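An overview of the molecular structure
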Amino acid sequence: MTAPTLLIRDLHLGFKTYGGLVEVLHGISLHIGQGERVALVGESGSGKSVTARLVIGLLQMMRGARVSGLLQFEGRNLEKLSAAERHALRGTRMSMIFQDPTSSLNPIYTVGAQFQEVLRRAAPAIDRAAAMEKAARLLDEVLIPDPARVLASYPFQLSGGMNQRVMIAMALANEPSLLIADEPGTALDVTVQAQTLRLMRDVVERHGTSVLFISHNLGVVREFADRVYVIYKGRIVEQARTADLFENPRHPYTQALMRAIPRVTGGGLPEIEEESERFLEPLVVHEGCGEPGGMA
Amino acid sequence: MRRTLAILAGNPLSALGVLLIALVVLSAIFADFIAPFPEHRGAVVDFVNFNKPPEWPYIFGTDLVGRDLFSRILYAYRISLILGVVVLAVAVPIGVTVGLVAGYFGGWTEAILMRITDVFLSIPPLVLAMSMMGLLEPTLTNGMLAVTAMWWPWYTRLVYNLTRAEKEEGYVLAAEVIGASKAHIIFREILPNCVPSILTKMTLDLGFVILIASSLSFLGLGVQPPTPDLGSMVAEGAKYLPDSWWLTVFPGLAILVAVFGFNLLGDALREIFGVDQ
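Residues numbered from 1 in each chain as written. Chains lettered and ligands numbered in written order. Predicted model: local features only at pLDDT ≥ 70, side-chain atom pairs only at ≥ 80, totals over all residues.

This next bit is on the overall build of chain A. Helix and strand counts for chain A stand at eleven helices and ten strands. Residues classed as buried in chain A amount to 44% of the 296 residues present. In chain A, the proportion of contacts linking residues at least 24 apart, taken out of those at least 6 apart, comes to 68%. (Helix = DSSP H or I, 4+ residues; strand = E, 2+ residues; numbered from the N terminus. Buried ≥ 20, exposed ≤ 12 C-beta atoms within 10 Å, placed from the backbone. Contact = placed C-beta atoms within 7 Å.)

See the structure below:
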């Protein structure tokens, strides 16, 4: 069996503050197979985004961050790589998409210029004409109607949905094997979000890219992911195939998350317990919920 | 470009600023051709025509040794502009770099750099410049040095604040994620977004640098005679007020025109770039 694209075992993260060490992740384990789309779902502050930033290697650079556990990317232990080797992976083998596509693009450069920067990461010698040609092809793939015009535009001249597609095209430009999507499109309205997510799913499928999809929106996750991890208070509390999770949520917290979704059909906002005894008591993961082979 | 012209047309004050600065700059550049008595910029003595009120061919009158004031003002503009440009050309890169580094790295780097900046800011600028000039020889170069020393911290402040805000923008994070170097992020991602504010401030400051330099030479600490300088011309003439009023009024007006012009131009740029301060 080939090594999974991403393997995380018993990952702990703490921040040193004046008040002592605050632990944020209490031993997370997950894996993403080749070409698999995996979602990490949880509420604000549950540790979703820090996990993503650990994988990409941004948090380790922060003073005061204490990380332990195994982070393995394509069979290589990320913590054992030199800074230069890690740096070489970013933007080439792994890339990331953020919440707000418009602010993720620098307003003073054209989309084309920024595309060229991205392509230079993998091919430093690429000339402008070749870069533009490749960029146009990539934009075409994310169904942008007039790539040449978009490449000559500044990000603020494009709509949020357009920028999101540009971001997807850029993130996949260097054929990464892992794409981390940190709540992509949360800043967009729902119809555009649905469209771009469908598009993103098709594109990553075609490229065979593995995706770590971070979201708090179960509806979106259901449409996008093959498998779901539910994270709560820095612990993975449940792991299941998407269909199974929605069919039969086992952990009380997952059940509460499902109930918390407001219904379009009305009936008011659901009442949910802020934090029941039942979610906390088993911060040890419920039986059968955890990562296979993980340490809970 | 069309928008720029529209803003200038819609705001007569901005247009006036452009006009005044064009006047000042052109007269400094073409002083040799415009000045009726180009040789009067140096140590020339003409006792026949000394201390004359404005009359042809001395449209601004003559000074106490018979030199044409109009010619001297044109050459003084040249010195003032050179001084302003040189001071900003040195102070801005220093101030901007310190501000970018402090703002981007934060932590100890920020604490140390910004406290040093605060030390410079806490000394009254004229006192700092005066003590530097007192210690060193009062020459044009040292004048520039003194003004530069008091000028860079303002750019550090400005750029530091801008950097703190820009650093939180998504594109900085995105650049970090794709593995851009720190130098790339600071100079290629953040700096260009600060340029409009820096340029606006530079334009406003050109006027103030001229004013400060004039204050220094008014006190006898700047450009030395016989080189013409607006500040020392005012100082010299002040002794003979109100009888020889032209000795003070015309150099004073010249300072006013330059400072006022740069201020208006700065406001115009602010509007064109959409910078709010």
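Attention now moves to unusual backbone geometry. Along the chain, L241 of chain B connects to P242 of chain B via a cis peptide bond; the corresponding omega equals -5°. Structurally, the position occupied by P242 of chain B is in the loop between α10 (230–238) and α11 (246–273). Positioned with a positive phi, L143 of chain A is a non-glycine residue whose angle comes to about 60°. In this fold, L143 of chain A is placed in the loop between α4 (128–141) and α5 (147–151).

Moving on to the pairing of strand β8 (residues 210–215) of chain A. Residues and elements named next belong to chain A. Taken across its six residues, β8 has six buried, putting it largely inside the fold. Both strand β3 (residues 37–41) and β8 contribute to a ladder of five bridges, which runs parallel. Residue pairing in the sheet places V38 in a bridge with L212 of β8. With helix α7 (residues 190–207) bridging strand β7 (residues 178–182) and the parallel β8, this β-α-β connection has right-handed handedness. (Pairing = 2+ DSSP bridges. Right-handed = clockwise from strand over helix to strand, strands pointing away.)

A few words now on the sheet that holds β3 of chain A. All names here are of chain A. Pairing in this open sheet of six strands is mixed, and the strands run β6-β7-β8-β3-β9-β10 from one edge to the other. The open sheet terminates on both sides in strands that have one partner only, identified here as β6 (94–97) and β10 (235–241). Across this sheet, the average inter-strand angle for adjacent strands is 20°, counted without regard to direction. Where β3 and strand β9 (residues 227–232) come together, four bridges link them in parallel fashion. If you follow L40 over to β9, its bridge partner there is Y229. Packed onto the sheet, helix α6 (residues 160–171) meets β6 and β7 and runs at close to 170° relative to β6. (Axes fitted to C-alpha atoms, helices over the stretch in contact; angles between N-to-C directions.)

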